[in-house]
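Residue-level structure breakdown
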Amino acid sequence: MILQRINESGRVLANAVASEFGVSEDSIRRDLRELSEQGLVQRFHGGAARSRSGPRSFQQRARDETAGKKAIAAAAAARIPANTTMLLDSSTTVLEFVHALPRDLQACIITGSPDIASAALDHPCCEVILLGGSLNRLTRSAIGQSTLAEVQSMRVDYCVLGACAVDEELMLRAENYDDARMKLALGQACNEIILLATSEKLVKQAPFAIGPISLVSTLITDRTADRSILERISGMGVEVIVADDQLG
């Protein structure tokens, strides 16, 4: 049952599972240790996450249609005012964000992701600008110096980023070097950064640093996120919003 929960939601917290099943945290930790030794999960302090054999492709991640991801997207979409210009990261949660935008919202969407640009084209009131450059197969987005220069010349209202990882030191991190550079450039080109992060992305490691979580204006996550981590992030001056996936 624990393994099923991890595979469905991406991660579990030992204290939450212990409370749900009516057993001790020590019992849950022993089970997580056994699952980890079998290579079925990846343990972290306080819980465990889905086992990773390396960065997953955009298509693989897009198939993880969790209620939390949709709730985060809806909460973010509801915060966007009319006549806004946005830089959108290449992320499956950001893709859900585009789908969740109100149909009467007038906005300009700028992105290096063909998938997100295509989804935005289906929105009746949004202008869409696709950044040029070489395409990264893993992130399915434009990369390279010319793309960075184009972004660095801009100043827009919002940047909506998908989180790859936020580590124990509350540092934003990415799986890919070029993606880390691009996320930083996107954030520096806007007035406000909205970070969309499902709970399994918090207290997670990835190879390439982007910058401290304090770069972000607002973090939107789901209701399974560890409250102690959210309190630490809030203490860094970041507005923290927990999306409710029970609505409707």
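Cut-offs applied
Residues numbered from 1 in each chain as written. Predicted model: local features only at pLDDT ≥ 70, side-chain atom pairs only at ≥ 80, totals over all residues. Heavy atoms only, no water. Helix = DSSP H or I, 4+ residues; strand = E, 2+ residues; numbered from the N terminus. Buried < 20%, exposed > 50% of the residue type's maximum accessible area, 1.4 Å probe, protein only. Pairing = 2+ DSSP bridges. Contact = heavy atoms within 4.5 Å. Axes fitted to C-alpha atoms, helices over the stretch in contact; angles between N-to-C directions. Polar contact = N/O pair within 3.5 Å; in protein donor to acceptor, adjacent residues only side chain to side chain. Phe/Tyr/Trp six-rings, centres within 6.5 Å; stacked < 30°, edge-to-face > 60°. Arc of directions from axis to C-beta.

- Under an unreviewed UniProt entry, the name given to the protein chain is DeoR/GlpR family DNA-binding transcription regulator, and the organism recorded is Phyllobacterium zundukense.

**Comments concerning the environment of glycine 144**
- In this fold, glycine 144 is placed in the loop between strand E8 (141-143) and helix H8 (145-152).
- The class of glycine 144 is partly exposed, set by a relative accessible area of 27%.
- With 15 residues separating them in the primary sequence, glycine 144 and isoleucine 129 have C-alpha atoms 17 Å apart.

**Overview of the sheet that holds strand E13 (residues 208-212)**
- Pairing in this open sheet of three strands is antiparallel, and the strands run E10-E11-E13 from one edge to the other. Here the strands that pair on one side only, and so sit at the sheet edges, are strand E10 (165-166) and E13.
- Across four bridges, the pairing between strand E11 (residues 171-174) and E13 is antiparallel. Among the inter-strand pairings, arginine 173 is bridged to a residue of E13, identified as alanine 209.
- Where helix H9 (residues 177-188) meets the sheet, its contacts fall on E11 and E13, and the angle it forms with E13 comes to roughly 20 degrees.

**Points about the side chain of serine 90**
- Within the secondary structure, serine 90 is located in the loop between strand E4 (84-88) and helix H6 (92-100).
- Looking at serine 90, the relative accessible area reads 10%, which means it is buried.
- At 2.5 Å, the side chain of serine 90 forms a polar contact with the backbone oxygen of threonine 139.

**A look at the packing of aromatic side chains**
- In this structure the tally under the stated criterion is one aromatic pair.
- Considering the side-chain rings of tyrosine 177 and phenylalanine 208, the 6.0 Å spacing of their centres and the 65 degrees angle between planes classify their relative orientation as edge-to-face. Placement of tyrosine 177 in helix H9 and of phenylalanine 208 in strand E13 is noted, with a sequence separation of 31 residues between them.
- A residue is classified by how much of its surface remains accessible, and tyrosine 177, at 48% relative accessible area, is partly exposed.

**Describing H8**
- The complete set of buried residues in H8 reads Thr147, Leu148 and Val151. Down the axis, H8 shows its buried residues gathered within 100 degrees of arc, on one side only. The exposed set on the far side of H8, more than 90 degrees from its buried face, consists of Gln145 and Ser146.
- Summarising the contacts, the buried residues of H8 are in contact with E4, E8 and H9.

**Comments concerning the sheet that holds strand E1 (residues 11-13)**
- Here three strands make up an open sheet; going across it, the order is E1-E3-E2 and the pairing antiparallel. Unpaired on one side and paired on the other, E1 and strand E2 (41-44) mark the two borders of the sheet. Taking each pair of neighbouring strands and ignoring which way they run, the sheet shows an average axis angle of 20 degrees.
- By the bridge criterion, four bridges tie E2 to strand E3 (residues 47-50) in an arrangement that is antiparallel. Looking at E3, one finds that phenylalanine 44 is bridged to glycine 47.

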